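# Descriptive structure summary
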Amino acid sequence: MDLIYAPEDEAFRTEIRSWLETNLPAGWFDPDFEMTPEDRKEFNAGWPAKLFEGGWICATWPKEYGGKGLTTMQGVVLSEEFARAKAPLRADFFGDTLVGPTILQWGTEEQKKEFLPQILNGTMRWCQGFSEPNSGSDLASLKTTAVLDGDEWVINGQKVWTTGGHHADYCFLLTRTDPDSPKHKGISYLLVPMHQPGVEVRGITQPDGTAEFCEVFFDDARCPKDNVVGGVNNGWKVANSTLAFERGMSATTGYRRFEEEFKLMLADATENGAIHEPLVRQRMMEYYTKIQLLRINGLRSLSSTLAGTKDMGVAALGATNKMFWTEMHKAAMELALDIKGASSMLIDTGSGAGSWPGTSRDKGRPGYPVSPMMSAFFFSRSETIWGGTSQIQRNIVGERVLGLPKEPQTAQ
Ligand SMILES: Cc1cc2nc3c(=O)[nH]c(=O)nc-3n(C[C@H](O)[C@H](O)[C@H](O)COP(=O)(O)OP(=O)(O)OC[C@H]3O[C@@H](n4cnc5c(N)ncnc54)[C@H](O)[C@@H]3O)c2cc1C
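Residues numbered from 1 in each chain as written. Predicted model: local features only at pLDDT ≥ 70, side-chain atom pairs only at ≥ 80, totals over all residues.

The next subject is the site of the ligand. Residues in close proximity to the ligand total 20 residues, the closest being Phe130, Gly136, Ser137, Thr389 and Gln391. Among the elements of the structure, strand S1 (126-129), strand S3 (152-163) and helix H11 (390-401) are those that each provide at least two residues to the shell around the ligand. For the shell around the ligand, the class distribution of residues is seven nonpolar, twelve polar and one charged. Counting contributing residues per domain, the shell around the ligand is built from domain 2 (126-235) and domain 3 (248-401), each supplying no fewer than three. (Near = placed C-beta within 6 Å. Helix = DSSP H or I, 4+ residues; strand = E, 2+ residues; numbered from the N terminus. Nonpolar A, V, L, I, M, F, W, Y, C, P; charged D, E, K, R; others polar. Domains from an automatic or database assignment.)

Right, let's get into the environment of Val192. Tracing the backbone shows Val192 in strand S5 (residues 187-193). Along the sequence, Val192 and Thr320 sit 128 residues apart, while their C-alpha atoms lie 31 Å from each other. Dropping the residues within four chain positions of it, Val192 is found in contact with Ile155, Tyr170, Cys171, Leu173, Ala221, Cys223 and Asn227. (Contact = placed C-beta atoms within 7 Å.)

Let us now look at unusual backbone geometry. Across residues other than glycine, the phi torsion is negative in most instances, and most of the peptide bonds are trans. In this model, Lys86 sits at a positive phi of 55°, which is unusual for a non-glycine residue. Turning to its location among the elements, Lys86 is positioned in the loop between helix H3 (72-85) and helix H4 (93-106). Overall, the presence of 15 C-beta atoms within 10 Å leaves Lys86 in the partly exposed class. One non-glycine residue with positive phi stands out, namely Asp220, at about 55°. Looking at where Asp220 falls in the secondary structure, it is placed in strand S7 (residues 213-224). (Buried ≥ 20, exposed ≤ 12 C-beta atoms within 10 Å, placed from the backbone.)

Moving on, we get to the nonpolar core. By size, the foremost hydrophobic cluster in this structure holds 56 residues, and its most contacted members are Trp126, Tyr170, Cys171, Tyr189, Leu190, Leu191 and Val192. Looking at this core, the element that brings in the most residues is S7, giving six residues. Residue assignment places this core across two domains, with domain 1 (7-90) and domain 2 (126-235) each supplying three or more. Excluding residues within four positions of it along the chain, Leu191 makes contact with Phe115, Tyr170, Phe172, Cys223, Asn227 and Val229. (Core = buried A, V, L, I, M, F, W, Y, C linked by C-beta atoms within 7 Å.)

What follows covers the environment of Thr326. Residue position: Thr326 is located in helix H9 (residues 314-340). Once residues lying within four places of it in the same chain are set aside, the contact partners of Thr326 are Glu383, Thr384 and Ser390.

Our focus in this paragraph is the environment of Leu293. Of note, Leu293 is situated in helix H8 (residues 278-306). Its 14 C-beta neighbours within 10 Å are what place Leu293 among the partly exposed residues.

Before going further, it helps to spend a moment on the confidence of the model for the protein chain. On average, the protein chain scores 89 in pLDDT, and the residues at 70 or more come to 92%. A low-confidence stretch, residues 349-354 (pLDDT under 50), is modelled with 17 contacts involving residues beyond four sequence positions or located in other chains. Scored below 50 in pLDDT, residues 360-365 makes 14 contacts in the model with residues more than four places away or belonging to other chains. (pLDDT = per-residue confidence, 0-100.)

The next subject is the packing of H4 against helix H6 (residues 235-247). As a packed pair, H4 and H6 sit with axes 9 Å apart at the nearest point and diverge in direction by 135°. If you check the angle between H4 and H6, you find them oblique. In the packing of H4 onto H6, the handedness of the crossing is right-handed. Touching Thr97, Leu98, Val99, Pro101, Thr102, Gln105 and Trp106 of H4 are Val238, Ser241, Thr242, Phe245 and Glu246, all from H6. Residue composition of the contact of H4 with H6, grouped by class: six nonpolar, five polar and one charged. (Axes fitted to C-alpha atoms, helices over the stretch in contact; angles between N-to-C directions. Parallel < 35°, antiparallel > 145°, perpendicular 65-115°, else oblique. Left-handed = near helix turned anticlockwise from the far one by under 90°.)

Burial analysis of S5 places six of its seven residues in the buried class, the great majority of the element. Sheet analysis places strand S4 (residues 170-176) next to S5, joined by seven bridges and oriented antiparallel. Residue pairing across strands places Cys171 opposite Val192, the latter belonging to S5. In the sheet, S5 pairs with strand S8 (residues 228-229) via two bridges, with the strands oriented antiparallel. What sits directly across from Tyr189, in S8, is Val229. (Pairing = 2+ DSSP bridges.)

What follows is the structure in structure tokens.
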């Protein structure tokens, strides 16, 4: 099963290929191409500006807000070509994948004009202020408050697990704005500047030495009254849109990183003989089969988008998709470690040591590094948690797709 492309889509593919060949560092397509940590840092710093010049960030957004207004199939071709070249296609995940599409869907004209261009040109970095110490899965119980004072919201409370909070310029923040309403009804979605005296960010160090997430404390922090997205006390619906974007993945290219991993595992298993163990072979085939299911399911959802039909709502699609790939990947990384054994803990050893998808050699704290494979393993443990745990995704599927009775709620 494969896609059929129109001649104009193939012409567009040629345009992207030639742009990539011109703009990626020399030697990028050589099989043994590697970057030093310094070169990677320089590449990462300069790449968003190049993407912006090419117009590739959020290129499916309407032209009036700075996008290229690409068709669905052009968007598919764009993702395919960047995936083929293994070139990053985003400036800031929280900006271009989460809050940008949310502002497009729910924002006022003023918000679109103020924030979307800065997301597109990669100059504004964002973080997601949803989870609190006692409000993760039960997000609607959040306690951070926002109270109007003239033309500004005054914010007090604490968020946790805020990825990239220490680099962010703005936070899309869930706050309680009506304490007397039922918990889902008194929440507002605010856009809050991070660089101000009332915001304190503290990093949380993880087992692999990185400190990507933070605790964020709001102590009389402020943002303009007009920075509420989707209306006052309507934040629960808006947040669910953001979560649906977070749980989705590219329909046609999302599976590819798993194929890359599968090849690395196969190389390791062939090299050390693990491939001859029946149980390893069985687990590898299970992984490969699931990757193909992911690919075919992506094609199915693309066909239904193109045909204008929807076999399930966006929330349910995000929930099934996220639950499937994160559980699959967690098991696959356990398999990768079982195949490689204790040597998976050694840094820069064996095939693919520096190339596990989603990791890079320069990650980690000096003096406390782990191998890229271990780093990928650790991160796979978090995938069934961020964006809503697998149990929560199962609840969504049970209640919204299968129509099962709602689980009992605690008192409001
Ligand atoms: C890598 C990573 C990045 C993250 N980045 C961000 C971020 O940028 N911004 C942000 O706001 N948050 C972020 N989070 C937080 C994430 O959204 C929460 O960890 C997640 O929603 C779970 O909440 P919790 O940790 O409080 O666990 P809890 O809600 O306390 O859950 C504990 C356990 O109980 C289970 N459970 C809870 N309720 C139910 C139920 N009703 N039915 C069945 N089982 C249940 C859960 O599945 C879980 O196994 C991140 C998390 C990770 C791991």
